[in-house]
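Commentary on secondary and tertiary structure
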Amino acid sequence: MHEDVARRWTIEALAREVGMSRSALTLRFSRRVGRPPLDYLTRWRMILAERELARGRGVPEVAAAVGYASQSAFAHAFKRTMGHTPRGK
């Protein structure tokens, strides 16, 4: 997922990539990382987005780069995850 952060990942697709069942992947990933795979992916996307926004890239560009087709969906996910809007702390 790190190599293609913008991809529309699902548990099924991740499990296929690593050759595991969905439930085994979720359990093992959660134990090792401390959160389920898709929660981790959302957090990772927002960390990357925050870096790019700090470098001056615009919200529409960053949203697309981290896998969001809609600025609104991106802004909502960003605020839920990071605690502030993409436009500032």
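Residues numbered from 1 in each chain as written. Predicted model: local features only at pLDDT ≥ 70, side-chain atom pairs only at ≥ 80, totals over all residues. Heavy atoms only, no water.

**Focus on the overall build of the chain**
Counting its secondary structure elements, the chain contains five helices and zero strands. Listed by position from the N terminus, the elements making up the chain come as α-α-α-α-α. Taken along the three principal axes of its C-alpha coordinates, the chain extends 40 × 20 × 20 Å. Across the chain, the fraction of contacts at a sequence separation of at least 24, relative to all contacts at a separation of at least 6, is 46%. A total of about 5900 Å² of accessible surface is found on the chain, and carbon and sulfur atoms cover 48% of it. With 17 positive and 8 negative side-chain charges, the chain shows a spacing of 6 Å between the two charge centroids. (Helix = DSSP H or I, 4+ residues; strand = E, 2+ residues; numbered from the N terminus. Contact = heavy atoms within 4.5 Å. Areas by Shrake-Rupley, 256 points an atom, 1.4 Å probe, with all protein chains shown as cover. Lys, Arg positive; Asp, Glu negative; His and termini not counted. Charge placed at Lys NZ, Arg CZ, Asp CG, Glu CD.)

**Here's the deal with the pattern of salt bridges**
With the rule as written, the count across this model stands at five salt bridges. With its nearest N and O atoms 2.5 Å apart, the salt bridge here joins Arg55 to Glu52. Note that Glu52 and Arg57 form a salt bridge whose closest N and O atoms lie 3.2 Å from each other. One salt-bridge network, held together by shared partners, links Glu52, Arg55, Arg57 and Glu61. (Salt bridge = Lys/Arg side-chain N within 4 Å of Asp/Glu carboxyl O.)

**A word on the nonpolar core**
Counting residues in each nonpolar core, the largest one holds twelve residues, listed as Met46, Ala49, Leu53, Val59, Val62, Ala63, Val66, Tyr68, Phe74, Ala77, Phe78 and Met82. Secondary structure elements with two or more residues in this core: helix 3 (37-54), helix 4 (59-65) and helix 5 (71-82). Sorting elements by how many residues they give to this core places helix 5 first, with four residues. Core analysis: the second largest hydrophobic core is formed by nine residues, Met1, Leu14, Ala15 and Phe29 among them. (Core = buried A, V, L, I, M, F, W, Y, C linked by side-chain atoms within 4.5 Å. Buried < 20%, exposed > 50% of the residue type's maximum accessible area, 1.4 Å probe, protein only.)

**Some remarks on the packing of aromatic side chains**
Note on aromatic pairs: each is described by the distance of the centres and the angle between the planes. Enumeration according to the criterion identifies three aromatic pairs in this entry. Residues Phe74 and Phe78 carry aromatic rings whose centres are separated by 5.7 Å and whose planes lie at 50° to one another, so their mutual orientation is tilted. Here Phe74 pairs with Phe78, and both are found in helix 5, just four residues apart, close to one helical turn. Overall, Phe74 belongs to the buried group, its relative accessible area being 0%. Grouping aromatic residues by their ring pairs yields a cluster made of Tyr68, Phe74 and Phe78. (Phe/Tyr/Trp six-rings, centres within 6.5 Å; stacked < 30°, edge-to-face > 60°.)

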